[in-house]
Amino acid sequence: MSAHEFILPDLGEGLTEAEVVAWLVQPGDEVTVDQPVVELESAKSVVQLPTPIAGVVESLGGEVGQVLHAGEVLLRLAPVGATVEGTDAAPETAPAATAQHPDTATAPAAAEPGIAVPTDAAGEESGAVLIGYGTRTAAASARSSSAPSRFGRRRSEGPGGPERPTAEPTATSSEASEPSAPAAEAADGGEHHGLLEQGRRSPVISPIVRRLAREHGFDASELLGTGPDGLVTRGDVEAFIRELDDARRAPAETAAAAPAVSAVTAPTPGGDRRVPLDRLQRAAAAHFTRSRREIPEATVWLDVDATELLAAKRQLQEATGERFGMTALVARFVVAGLKRHPSLNASFDADRDELVLHSAVNLGLAAQTPRGLLVPVVHGAERMSLRELRDAVQARTEQASTGAFPPDALSGGTFTLNNYGTLGVDGSAAIINHPEAAMLGIGRLVQRPWVVDGELAVRTVTELTISFDHRVCDGAEAAAFLTYVAGCIERPIALLAEL
């Protein structure tokens, strides 16, 4: 049967693989152009990927939990109206099948990632340049009625249902057949939300929740969650971990509870533990190391009186009836400062010994998310009014609360703003977000004695810190940018001349 192949596109930022979190469609489902079909977790975020063409799902390129690489077949689509066989079968691994049976493969040899390649007749197609991401802004898609539960069927599951992980090397066959203390309570009809149940597939959205459970030797989806629609929260996982810890401390239950400890995090004789890094942590470690290795950075800082900015913020709210956060206000000052000092909105091309001055200000916002430290980007900040910039910053902040961003939200940054004052600290010698040239940090707002017009007064003070690549500019240029932003904070009305 002729079919279209949807190839997993290059995810950008050096990311070449992603794990299938959930399929939003199943074989036999009819899909339209730009309809989200799968949730993928990369080293940076969880995204829903839309299909660039319409058709009937013929087969899926992998199962939930499987890691796919850019260039592999994500799914196959038959033309609308075609009969799709074997829709009740488990998803197949398309790349492996193609390799084993080359005579049945119909994709051209030079298929590009993100391009759906028709093998015979073409259906309705997306007109996007990067076809894998579609042409329209797709809203988050609900799962099809024929799709499995939140995480579907994992590769370890057979037709009879899921299999439990076997992380119990020290248990005898008789011990393996006995449930742990919490599991035994579940068999006896206990109602506590922290009990595991083999075969249960509760929804688990947060990658950090799944990782926390894996590190303690169990599958978070086997808990009965207390969130909406049975969603498993971090509190549910931590409550069950406490149950395991209590069971291990009880002398009578020590032997039964010991197998629940993951082998990879088990204490060594000296009391140390080894915890493997997940995909995001590995990517972050490599990124930090590259920045420190390649960028000769320097840091300068300055204490700033922010009293007038806070007063202007209140006046702005009274005049408009709208709220404007400190991050958005400082972001506006940063954009104005980068126009005056473009060498800081740049990157260094070491291969050609050239400084690349970026025409657009794509402002990164360092954010602590459930998936760790990420830097979502507000693209085209130089074209935005204060209100538009505020709304864009707020949108990225809301996305950071879940760690789920659109595909382009974590790439293309040219300068980073880091408001680490929300963490309760004054300053930081930050690591520059490679390949950018600089990062501005804002410390906490605190009341301090300050000399005003020759007299001592109590003022609200913050600390500004800029880390910069010394290859792109000298300290004088970085200091000039820093003092300009500081001047805007101390006298916000001065920026009116720039508007």
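Numbers given for residues are sequential positions, taken from 1 along each chain in its written order. Reporting of local features is limited, given that this is a predicted model, to residues whose pLDDT is at least 70; pairs of side-chain atoms are given and counted only at 80 or more, and all residues count toward the totals for whole chains, interfaces and linings. For side-chain calculations, the full set of non-hydrogen atoms in the structure is used, while hydrogens and water are omitted.

Caption draft 1: Summary view of the packing of helix H8 (residues 307-320) against helix H9 (residues 326-340). As a rule, the C-alpha atoms of each element are fitted with a line to give its axis, helices using only the stretch in contact, and angles between N-to-C directions run from 0 to 180 degrees. Under the scheme used here, helices are H or I runs from DSSP no shorter than 4 residues and strands are E runs no shorter than 2 residues, and both carry numbers assigned from the N terminus. It is the contact of H8 with H9, at a shortest axis distance of 11 Å, that shows an interaxial angle of 110 degrees. Relative to H9, the element H8 is oriented roughly perpendicular. Contacts from Leu309, Leu310, Lys313 and Leu316 in H8 reach Met326, Leu329, Val330 and Phe333 in H9. Between 65 and 115 degrees an angle is taken as roughly perpendicular, under 35 as roughly parallel, over 145 as roughly antiparallel, and anywhere else as oblique. It only takes one pair of heavy atoms within 4.5 Å for two residues to be counted as in contact.

Caption draft 2: Geometry of the packing of aromatic side chains. To pair, rings of Phe, Tyr and Trp, with the six-membered ring standing in for Trp, must have centres within 6.5 Å; the planes then decide the type, stacked if under 30 degrees apart, edge-to-face if over 60, and tilted in the middle. Scanning the model with the defined rule gives two aromatic pairs in all. With a centroid separation of 4.7 Å and an interplanar angle of 75 degrees, the aromatic rings of Phe218 and Phe240 are classed as edge-to-face. In this pair, Phe218 is assigned in the loop between helix H4 (207-215) and helix H5 (234-249) and Phe240 in helix H5, connecting sequence segments 22 residues apart. When a residue's accessible area, from a 1.4 Å probe over protein chains only, is under 20% of the maximum for its type it is buried; when over 50% it is exposed; and in between it is partly exposed. Residue classification places Phe218 among the buried residues on the basis of a relative accessible area of 5%. Here the basic side chain of Arg390 rests over the ring of Phe324, its NZ or CZ set 4.6 Å away from the ring centre. By the criterion adopted, a ring carries a charge over it if an Arg CZ or a Lys NZ lies within 6 Å of its centre and within 35 degrees of its normal.

Caption draft 3: Main features of helix H11 (residues 475-490). Given a helix with a known number of residues, its expected span is that number minus one, times 1.5 Å. Between the first and last C-alpha of H11 there are 22 Å, a value that for 16 residues agrees with the 22 Å anticipated at 1.5 Å per step. Looking at H11, one finds that the buried residues are Ala478, Phe481, Leu482, Tyr484, Val485, Ala486, Cys488 and Ile489. Looking at the packing, one finds that the buried side of H11 touches strand S10 (297-305), H8, H9, strand S17 (415-418), strand S18 (438-442) and strand S20 (455-469).

Caption draft 4: Just the pairing of S20, in detail. Counting buried residues in S20 gives 11 out of 15 residues, a clear majority hidden from the surface. A pair of strands is labelled paired if DSSP reports no fewer than 2 bridges between them. Pairing of S10 with S20 involves nine bridges; the strand directions are antiparallel. By the bridge assignment, Leu302 is partnered in S20 with Leu464. When S18 meets S20, the two strands line up antiparallel, connected through five bridges. Note on S20: the bridge partner recorded for Leu440 is Ile466. The pairing of strand S19 (residues 446-452) with S20 spans seven bridges and is classified as antiparallel. What sits directly across from Val446, in S20, is Val461.

Caption draft 5: Region of interest: the environment of Ala328. Mapped onto the secondary structure, Ala328 falls in helix H9. Spatially, the C-alpha atoms of Ala328 and Val393 are 6.5 Å apart, while their sequence positions differ by 65 residues.

Caption draft 6: Fine view of the sheet that holds strand S7 (residues 67-69). With antiparallel pairing, four strands are arranged side by side in an open sheet as S5-S4-S2-S7. A single partner strand is all that each edge strand has here, and the edge strands are strand S5 (46-50) and S7. Between one strand axis and the next, the sheet turns by 45 degrees as a mean value, whatever way the strands run. Bridge count for strand S4 (residues 36-41) against S5 is five bridges, and the pairing is antiparallel. Looking across to S5, one finds that Pro36 is bridged to Pro50.

Caption draft 7: How the structure looks around the nonpolar core. Residues Val334, Leu344, Phe415, Leu417, Leu440, Leu464 and Ile489 are the most contacted members of the largest nonpolar core, which totals 45 residues. When residues in this core are grouped by element, the largest group, nine residues, is from H9. With near-sequence residues (within four places) excluded, Leu464 lies in contact with Val300, Trp301, Leu302, Val304, Leu440, Gly441, Ile442, Leu482, Val485, Ala486 and Ile489. The set of buried Ala, Val, Leu, Ile, Met, Phe, Trp, Tyr and Cys residues whose side-chain atoms join them within 4.5 Å is what this entry labels a nonpolar core. Listed in part, the 19 residues of the second largest apolar core include Val38, Leu60, Leu74 and Leu75.

Caption draft 8: Looking closely at the pattern of salt bridges. Only one rule defines a salt bridge in this text: a Lys or Arg side-chain nitrogen within 4 Å of an Asp or Glu carboxyl oxygen. Enumeration according to the criterion identifies 14 salt bridges in this entry. Between Arg76 and Glu5 there is a salt bridge, with its nearest N and O atoms 3.0 Å apart. Taken together, the residues Arg76 in strand S8 (residues 73-78) and Glu5 in strand S1 (residues 4-7) connect sequence positions 71 residues apart. A salt bridge links Asp391 to Arg390; the shortest N-O distance between them is 2.9 Å. Each of Glu322, Arg387, Arg390 and Asp391 takes part in salt bridges that share partners, so that together they form one network.

Caption draft 9: Structural context of a nonpolar patch on the surface. Patch construction takes residues with relative accessible area above 30% that form no salt bridge. Like charges are linked within 9 Å, and nonpolar side chains (Val, Leu, Ile, Met, Phe, Trp, Tyr) are linked within 5 Å. In this description, accessible areas are obtained by the Shrake-Rupley approach with a 1.4 Å probe, and a residue is regarded as covered only by the protein chains that are shown. Together, Phe288, Leu373 and Ile431 give the surface a local cluster of nonpolar side chains, amounting to about 230 Å² of exposed area. Along the chain, the position of Leu373 falls in strand S15 (residues 372-374). A residue is classified by how much of its surface remains accessible, and Leu373, at 44% relative accessible area, is partly exposed.

Caption draft 10: Looking closely at the packing of H9 against H11. Running from N to C, H9 and H11 point in directions that differ by 140 degrees, and their axes come no closer than 9 Å. In this view, H9 runs oblique relative to H11, as classed from their interaxial angle. Crossing angle aside, the handedness with which H9 passes H11 is right-handed. When H9 is examined against H11, the residues Val330, Phe333, Val334, Ala336, Gly337, Leu338 and Arg340 are found in contact with a partner set consisting of Phe481, Tyr484, Val485, Cys488 and Ile489. Under the convention adopted here, Pro, Cys and the residues Ala, Val, Leu, Ile, Met, Phe, Trp and Tyr are nonpolar, Asp, Glu, Lys and Arg are charged, and Gly plus all remaining residues are polar. Its residues assigned to classes, the contact of H9 with H11 comprises 10 nonpolar, one polar and one charged. Less than a right angle of anticlockwise turn of the near helix away from the far helix marks a crossing as left-handed, whereas a clockwise turn marks it as right-handed.

That's the geometry; what it means functionally is another story.
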